[in-house]
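Single-letter residue listing:
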Amino acid sequence: MPAGTLYRGREGMWSWVAHRVTGVLIFFFLFVHVLDTALVRVSPEAYDKVVATYKTPIVACLEYGLVAAILFHALNGLRIIAVDFWSKGPRLQKQMLWTVVVIWLVLMVGALYPVLGHAARELFGS
Amino acid sequence: MSAETSSAAAIGEVEGVSLYDTDHPAPLIEAPRKRTKKTPKSTRTNFELYGWLFMRLSGIVLVVLVLGHLLIQLVLDGGVSKIGFAFVAGRWASPFWQIWDLTMLWLAMLHGANGLRTVINDYAQRDNTRFWLKMLLYTATVFTVLLGTLVIFTFDPNIR
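Before going into details, it helps to say that this report is about the structure given with it. (Residues numbered from 1 in each chain as written. Chains lettered and ligands numbered in written order. Predicted model: local features only at pLDDT ≥ 70, side-chain atom pairs only at ≥ 80, totals over all residues. Heavy atoms only, no water.)

Looking only at helices and strands, chain B features seven helices and zero strands. Along chain B, helices (α) and strands (β) appear in the sequence α-α-α-α-α-α-α when read from the amino end. Its C-alpha radius of gyration of 33 Å places chain B more than 25% over the 15 Å reference for a compact globule of 160 residues. Judged by the C-alpha coordinates and their principal axes, chain B covers about 105 × 30 × 30 Å. Burial analysis of chain B (160 residues in total) assigns 32% to the buried set. (Helix = DSSP H or I, 4+ residues; strand = E, 2+ residues; numbered from the N terminus. Rg over C-alpha atoms; globule rule 2.2 N^0.38 Å. Buried < 20%, exposed > 50% of the residue type's maximum accessible area, 1.4 Å probe, protein only.)

Attention now goes to the side chain of serine 43 of chain A. Its location among the elements puts serine 43 of chain A in the loop between α1 (10-37) and α2 (44-54). Since its relative accessible area comes to 7%, serine 43 of chain A is described here as buried. Other than its neighbours up to four places away in sequence, serine 43 of chain A contacts Ile159 and Arg160 of chain B. (Contact = heavy atoms within 4.5 Å.)

The subject of this paragraph is helix α4 (residues 93-124) of chain A. Compared with the 46 Å implied by 1.5 Å per residue over 32 residues, the 43 Å span of α4 of chain A between its first and last C-alpha is a close match. If you look at α4 of chain A, its biggest bend is around 55°, right at leucine 116 of chain A. Taken together, the buried positions of α4 of chain A are occupied by Gln93, Met96, Leu97, Val100, Met108, Ala111, Val115, Gly117, His118 and Ala119 of chain A. Tucked into the core, α4 of chain A has its buried residues touching α1 and α3 (57-85) of chain A together with α4 (47-75) of chain B. (Expected span 1.5 Å × (residues − 1). Bend = angle between axes of the 7 residues up to and from the residue.)

The next point concerns a nonpolar patch on the surface. On the surface, Phe85 of chain A together with Leu49, Tyr50, Trp52, Leu53 and Leu57 of chain B cluster together to form a nonpolar patch covering roughly 620 Å² of accessible area. Mapped onto the elements of the fold, leucine 57 of chain B is located in helix α4. (Patch = residues over 30% accessible without salt bridge, like charges linked within 9 Å, V, L, I, M, F, W, Y side chains within 5 Å. Areas by Shrake-Rupley, 256 points an atom, 1.4 Å probe, with all protein chains shown as cover. Salt bridge = Lys/Arg side-chain N within 4 Å of Asp/Glu carboxyl O.)

One pass over the full model with this rule turns up six salt bridges over all chains. In this structure, arginine 56 of chain B and aspartate 84 of chain A form a salt bridge, with 2.5 Å as the shortest nitrogen-oxygen distance. Here arginine 56 of chain B is found in helix α4, whereas its partner aspartate 84 of chain A is found in helix α3 on a different chain. Taking relative accessible area as the criterion, arginine 56 of chain B reaches 15% and is therefore assigned buried. Between arginine 130 of chain B and aspartate 127 of chain B there is a salt bridge; the shortest N-O distance is 2.7 Å.

In structure tokens, the structure reads:
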């Protein structure tokens, strides 16, 4: 392993790190998700049984994490495209990252009830 | 330099005789970097450029497809609690959603596989490790894309 290569690149580096980590996580979920959907070719019961685990409170929290990863990866991906193709992109990359973070926070607050609402009702009663 | 030292007579008998004349021309020496028929075919292509471009183009399409998918599956009409075999059957009755899901599957898998290829190239330092990790990645990718495509095209709502 190379030693002493911590590159203190601030916003540019950390958004790059977060883009990688979220990308790898999403890819692994996608693999599992295609496998679970393939159960519709086995039987309705097999599919419904696996989908039932997606409706448990613990997995609902993981879904919220998945939504967080996808939203960041999508918004930061649009920022990367702007940096690459928009003439003012490289100069405004930091401002665009903070814009991404703000939009991400707003959407995450908006996703709280739709994604975690049924889990909360199950845990604490309606 | 005087005129005498640069003239042929000043060099002496042996050095002054030219080996070449109009009947015996000097051999042509190629320019150092000139590409000839003997030059090996370059293995360099623009693959990485097209990969880079694909990530951006597929990314824009995926933002629409995936966020739409999340909205339908996790937010609208009761969120995840409505999902079941009947819900899938209802959506795949329409060719529009079949094409939506098929495009999303192919673009997301290729986008993700290319991303992971970059990550493997960056962090796996031994040649063997890098090779086998990528073989594993390509195998899993081809398997997943083909399985997903098969499921979308052969879906049978009356399986039971």
